[in-house]
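Below are the chains, spelled out letter by letter.
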Amino acid sequence: ARPDGEPRTITKADLIEVIHQTVGIPRSECGRIVERTLDVIKKSLEGGEKVKISGFGSFEVRHKKARKGRNPKTAETIILPPHRVVVFKASHVLRKSLNRAS
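Note that the structure is predicted; figures quoted are calculated from it, not measured. (Residues numbered from 1 in each chain as written. Predicted model: local features only at pLDDT ≥ 70, side-chain atom pairs only at ≥ 80, totals over all residues. Heavy atoms only, no water.)

**Student:** For this particular structure, what's the right way to read the pattern of salt bridges?
**Tutor:** Close approach of charged atoms allows side chains of opposite charge to pair. Evaluation of the coordinates by the stated rule reveals 7 salt bridges. Between Arg8 and Asp14 there is a salt bridge whose closest N-O contact spans 3.2 Å. Where Lys12 meets Glu35, a salt bridge forms, and the shortest distance between an N and an O atom there is 2.7 Å. On the criterion of sequence distance, the pair formed by Lys12 in helix 1 (residues 12-23) and Glu35 in helix 2 (residues 27-46) is long-range, its members being 23 residues apart. (Salt bridge = Lys/Arg side-chain N within 4 Å of Asp/Glu carboxyl O. Helix = DSSP H or I, 4+ residues; strand = E, 2+ residues; numbered from the N terminus.)

**Student:** Just to check I follow, could you spell out a nonpolar patch on the surface for this structure?
**Tutor:** A cluster of nonpolar side chains, Ile53, Phe56 and Phe88, forms an exposed patch at the surface whose accessible area comes to about 250 Å². Here Ile53 shows up in strand 1 (residues 51-53). The class of Ile53 is partly exposed, set by a relative accessible area of 34%. (Patch = residues over 30% accessible without salt bridge, like charges linked within 9 Å, V, L, I, M, F, W, Y side chains within 5 Å. Areas by Shrake-Rupley, 256 points an atom, 1.4 Å probe, with all protein chains shown as cover. Buried < 20%, exposed > 50% of the residue type's maximum accessible area, 1.4 Å probe, protein only.)

**Student:** What am I meant to see in the sheet that holds strand 1 here?
**Tutor:** Adjacent strands of a sheet pair through backbone hydrogen bonds, lying either parallel or antiparallel. Spatially, 1-2-5 is the arrangement adopted by the 3 strands of the open sheet, whose pairing is antiparallel. Bordering the open sheet on either side are strand 1 and strand 5 (83-90), each of which pairs with just one other strand. Each strand axis lies, on average, 25 degrees off the axis of its neighbour in the sheet, ignoring direction. Note that strand 2 (residues 57-64) and strand 5 share 8 bridges and pair antiparallel. Paired with Ser58 across the two strands is Lys89, which belongs to strand 5. Seen against the sheet, helix 2 touches strand 1, strand 2 and strand 5 and runs at an angle of roughly 140 degrees to strand 1. (Pairing = 2+ DSSP bridges. Axes fitted to C-alpha atoms, helices over the stretch in contact; angles between N-to-C directions. Contact = heavy atoms within 4.5 Å.)

Rendered as structure tokens:
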């Protein structure tokens, strides 16, 4: 947590630094590894594949139908177009770990 009590956000740079500290390879190489990993996940999701990371969770794309919405400023009814969203489901191992840490 940060000094103000808010939870800390882990960034891509943080991931690169952890890999560098753990494995000892140059930061530039760690950056390429992180970028490539995220690129594989992104391309898989774009292609409609489910991405499952054992012990962590799975990502999948769900299709949302068009629906009615409301502009909160004007209260005007609008139609929200169909779209795709990414959904993450934590594995039972991650859920168990999170609940133990509380």
